[in-house]
2 protein chains.
Amino acid sequence: MLNFNYYNPVRIVFGRDTINQLAELVPTNKPVMVVYGGGSIKRNGVYEQVMTALSGYRVSEFGGIEPNPRYETCMQAVAKGRQEGAGFLLGVGGGSVLDATKFIAAAIPFEGHDPWDMVVGKVPVTGALPLGCVLTLPATGSEMNINSVISRTSTKQKVPFKSEHLFPQFSILDPATSFSLPMRQLANGVVDTFVHVCEQYLTYEVNAPLQHRQAEAILLTLIEEAPKLQNEPDNYEVRANLMWCATQALNYNLACGVPTDWATHAIGHELTALFGLDHARALAIVLPALLRYKCRQKADMLVRYGREVWGLTAQTSEAVIDQAIEKTTAFFESLGIPTRLSDYQIQQQDCKEIVDRFEQRPAKVGEHQDIGAPEVAAILALAE
Amino acid sequence: MLNFNYYNPVRIVFGRDTINQLAELVPTNKPVMVVYGGGSIKRNGVYEQVMTALSGYRVSEFGGIEPNPRYETCMQAVAKGRQEGAGFLLGVGGGSVLDATKFIAAAIPFEGHDPWDMVVGKVPVTGALPLGCVLTLPATGSEMNINSVISRTSTKQKVPFKSEHLFPQFSILDPATSFSLPMRQLANGVVDTFVHVCEQYLTYEVNAPLQHRQAEAILLTLIEEAPKLQNEPDNYEVRANLMWCATQALNYNLACGVPTDWATHAIGHELTALFGLDHARALAIVLPALLRYKCRQKADMLVRYGREVWGLTAQTSEAVIDQAIEKTTAFFESLGIPTRLSDYQIQQQDCKEIVDRFEQRPAKVGEHQDIGAPEVAAILALAE
């Protein structure tokens, strides 16, 4: 096992009718700004539950955060927050809203030239407004980690950043909030969760059997529960199990003591930035291709994955690995998520810009830091 | 899945040569009191590593915390800590030392009549000195939770208490510190860990497949790794895997959204208080008997346990349950831990005091709160 440092102080309040606990969680001595997305929370009753719970607070609000939240939109929220003297931010929505809330929390007290400098790592995040979350879409795990991903329209960039200042103080997870989501978003959430687990699991063997089993626990549960989204759309337990899987997949417990490979996200972010693909749909294209490209380097863990997660019994490692990747692809496709660039009419020549961007990066990605521009080109070719 | 509230802000620093990170973790502006046990840390080099890391700090120390730490000893530490003006406590040892450190941390600033009142719940814990931990014995999970158990010699009591004020700020887990432990303590640690998992797993089904698999992940890893303690005594990876299992078993992630049954610990504490049995050895007697007594009520989860953890293939539920309990007992015995009261020459009539104590309790125990004095008598009879 590798040495590690783990810290995660996010309080999770999980279950039915938990939004009314907001008043016990949000500090009363500061003006609160509620941040949300395109307005679905006004149609499904979540907005009303939140505002009812916050009656008595000084509350302002900023709606209109888009999927893959944009710097330009966030900066409008920053201006509003400063104007209102916001002292606490409450993100109400999915990962995009929460990622935006984290950026806004760091940007409001930021005294430098441009908060974007924090995103691209030019200056460190030295503080942030305290924030909390009411989650409505299980997927990104942002509700229990320090991560945020912000996109910039003018430069077609999608950039991850993080800081221990960006932990939510709490996240309320009421699985019932997901009942109003379209199947497309639910399926995206399952795939995002699945890929998060794989990125902390399918690397190389360091003798960490507990962590491997904890990863398999989530994958097996996703495979078991996801089909029920369509077959049992009113089943609360299915929503609850998938929501808890998403949070557990990226609170970094799985990453304790093992190598991690975030290359799928790195390449996926570029596909989203350039072609507008849903985040999870980009991942569903990249992961199988990356596993094929790296199948020898990742052989030990891919064989384990095939046997433990998919129950494969083929004799040879090669056969298990091939079948495991096929099973993965078939699982994504079964949820209505395509796994090929050609499914989106994206040609190899369109990907040249992505390869060029990896050429510009100061560091390679992957658990061995050996995925640079030529390797990205090869992976995208396999995803054709 | 049941509703839940999860919060665990303990920073874990895990791995080889991590004790030297103490200076980054312990605040520099307060006198530090180091709390430890019978002196084994002076023989195995841990004391020296700690003191070297703390050079430059104002450091006092209190040694002599015993297994099943005694209120009387702890109060001597409280007096010393007050006298020295301790502002931060560092527990260096196993669960007993850490449990004691938690009590001492709450007792030093306590302004009431007697800190024991906090233990028995007469007054709440309203604050505590900040504390940290260097763990040397994987077992109790105390390094990543708010629990403490304190014994009182004069009244032969062993009482658990807890408070969110008692989270360690950090715990350093260097698996190499366990190399000098006797096999008896290592085996005890495995059994304590195993029982902690069972108490959050073997209850009734609430549709929580992820949590079940997370519990099984730890049990399977214990069963796989524990035999290597004897066969590969110099294997660091074995120590690391068992240490991480112990922490993960009782940081309450497993308890999220599921019922819990702490009856084994409740009864086991009394066996230790009255007869001086090692904590884990008391649990190894109680758990199999409790599972036999409750085999109908716990049938769903016992069958799952038998099939998933022990790979049992018997046709009937009854056969799987019987075999699963036998396997559990055999596993404990294989580690040199007896599982019968008679192995310690304890007679049924000796247990009358335990039953009387459950008669006095204000509440029954178990996941259905249906284990009172008569049920305890029946369970102890099955453990004869």
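In the block above lies the structure referred to throughout.
Because the structure is a prediction, the values reported are computed rather than measured.

1. A closer look at the side chain of A:N253
Relative to the helices and strands, A:N253 is located in the loop between α10 (236-249) and α11 (263-275). On the basis of relative accessibility, which here comes to 10%, the residue A:N253 falls in the buried class. When sequence neighbours within four positions are dropped, the list of residues in contact with A:N253 reads A:Y6, A:Q214, B:W244 and B:Q248.

2. Structural notes on the interface of chain A and chain B
In this assembly, 41 residues from chain A lie in contact with 41 residues from chain B. Buried area between chain A and chain B, summed over both chains or domains, comes out near 3600 Å², and the portion from carbon and sulfur atoms is 49%. Per-residue buried area on chain A facing chain B is highest for A:M1, A:L210 and A:R213; these three make up 18% of the total on that side. Joining chain A to chain B, the criterion identifies four salt bridges. Here B:R11 makes a salt bridge to A:E164, at a shortest N to O gap of 2.9 Å. In this assembly, chain A and chain B are joined by 22 residue pairs in polar contact (both at pLDDT 80 or more). For the side of chain A that touches chain B, the secondary structure elements donating two or more residues are β1 (4-6), β2 (11-14), α8 (209-225) and α10 of chain A. Sorting elements by how many residues they give to the side of chain A that touches chain B places α8(A) first, with eleven residues. Classifying every residue of the side of chain A that touches chain B by side-chain character gives 22 nonpolar, twelve polar and seven charged. Relative to strand β1 (residues 4-6) of chain B, β2(A) runs antiparallel, the two being bridged by three bridges.

3. Side note on the packing of aromatic side chains
Residue and element names in this part refer to chain B. Under the counting rule described, the total for this entry stands at 30 aromatic pairs over all chains. For the ring pair Y7 and F167, a centre distance of 5.7 Å and an interplane angle of 85 degrees mean the geometry is edge-to-face. Placement of the pair is Y7 in the loop between β1 and β2 (11-14) and F167 in the loop between β8 (157-162) and β9 (170-173), with a sequence separation of 160 residues. Using a relative accessible area of 11% as the deciding quantity, one classes F167 as buried. Between F194 and F331 the ring centres are 5.4 Å apart and the planes differ by 40 degrees, which places this aromatic pair in the tilted class. Linking F194 in helix α7 (residues 183-199) with F331 in helix α13 (residues 317-334), this pair joins segments that are 137 residues apart in sequence.

Here is what the cut-offs are and how they apply
Numbers given to residues run from 1 along each chain, matching the order in which its sequence is written. Labels follow written order: the first chain is A, the first ligand is 1, and so on. Predicted model: local features are reported for residues with pLDDT of at least 70 only, side-chain atom pairs are reported and counted for 80 or more only, and whole-chain, interface and lining totals are derived from all residues. Just so you know, side-chain values use all the structure's heavy atoms and leave hydrogens and water out. Numbering of helices and strands runs from the N terminus; a helix is a DSSP stretch of H or I covering at least four residues, while a strand is a stretch of E covering at least two. Classification of residues uses two cut-offs on accessible area relative to the type maximum, computed with a 1.4 Å probe and protein chains only: under 20% is buried, over 50% is exposed, and between them is partly exposed. Whether two residues touch is decided by their heavy atoms; if any such pair falls within 4.5 Å, the residues are in contact. A 1.4 Å probe defines the accessible area here, and the buried area is the portion of it lost by two parts on being joined, summed over both. We define a salt bridge as a side-chain nitrogen of Lys or Arg found within 4 Å of a carboxyl oxygen belonging to Asp or Glu. Any pair of N or O atoms that falls within 3.5 Å is considered a polar contact. Within protein, one atom must be able to donate a hydrogen and the other to accept it, and sequence-neighbouring residues count only if both atoms are side-chain atoms. Nonpolar residues are Ala, Val, Leu, Ile, Met, Phe, Trp, Tyr, Cys and Pro. Charged residues are Asp, Glu, Lys and Arg, and all others, Gly as well, are polar. Note: two strands are recorded as paired if DSSP finds a minimum of 2 bridges between them. Stacked, edge-to-face and tilted are the three classes for Phe, Tyr and Trp ring pairs, Trp counted by its six-membered ring, which pair at centre distances within 6.5 Å; planes under 30 degrees apart are stacked, over 60 edge-to-face, the rest tilted.

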